[in-house]
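These are the residues of each chain, in order.
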Amino acid sequence: RHEFVVTEAGLRFKVNLSDYLDTGLFLDHRTTRQRVGAEARDRRVLNLFAYTGSFSVHAAAGGAKRVTTVDLSNTYLEWGRENFRLNDLD
């Protein structure tokens, strides 16, 4: 198993280079994730089709008052919870 923790804009995310087609973090979304974090303060954020919750982590770290993360996959929801834990976010 090839799992690593990477850092993006001061936040930590688990990536997996061996078990899935996708790694857990879409690199082409990096700028948009940072924008969500920059604009999230005091807002409520709904992240649908959330995958591993990276947008949710950026929003929470950016000061969102509430973040709701939704995905059909329990595997990806748990991965998202892991990303929140990596960043000491509730």
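Everything below is about the structure shown above.
Presented here is an overview of the structure given in this document. Keep in mind it's a predicted model, so treat the numbers as computed, not measured.

1. Describing the overall build of the protein
Here is step 1 of the chain: Tallying secondary structure elements over the protein gives three helices and four strands in all.
Here is step 2 of the chain: Shown N-terminal to C-terminal, the secondary structure of the protein runs as helices and strands in the order β-β-α-β-α-β-α.
Here is step 3 of the chain: What you see for the protein is a C-alpha radius of gyration of 12 Å, in line with the 12 Å of a compact globule of 90 residues.
Here is step 4 of the chain: C-alpha atoms of the protein, sized along the principal axes, occupy 40 × 25 × 25 Å.
Here is step 5 of the chain: Across the 90 residues that make up the protein, the buried fraction comes to 38%.
Here is step 6 of the chain: Long-range pairs, those at least 24 residues apart, make up 41% of the contacts in the protein with a sequence separation of at least 6.
Here is step 7 of the chain: For the protein, the exposed surface amounts to about 5900 Å²; the carbon and sulfur share of it is 50%.

2. Concerning the environment of Phe26
Here is step 1 of the chain: Tracing the sequence through the fold places Phe26 in the loop between β2 (11–16) and α1 (30–39).
Here is step 2 of the chain: Note on Phe26: relative accessible area 32%, which makes it partly exposed.
Here is step 3 of the chain: Expressed as a C-alpha distance, the spacing of Phe26 and Ala40, which sit 14 residues apart in the sequence, is 20 Å.
Here is step 4 of the chain: Dropping the residues within four chain positions of it, Phe26 is found in contact with Arg33 and Tyr51.

About the criteria used
- Residues numbered from 1 in each chain as written.
- Predicted model: local features only at pLDDT ≥ 70, side-chain atom pairs only at ≥ 80, totals over all residues.
- Heavy atoms only, no water.
- Helix = DSSP H or I, 4+ residues; strand = E, 2+ residues; numbered from the N terminus.
- Rg over C-alpha atoms; globule rule 2.2 N^0.38 Å.
- Buried < 20%, exposed > 50% of the residue type's maximum accessible area, 1.4 Å probe, protein only.
- Contact = heavy atoms within 4.5 Å.
- Areas by Shrake-Rupley, 256 points an atom, 1.4 Å probe, with all protein chains shown as cover.

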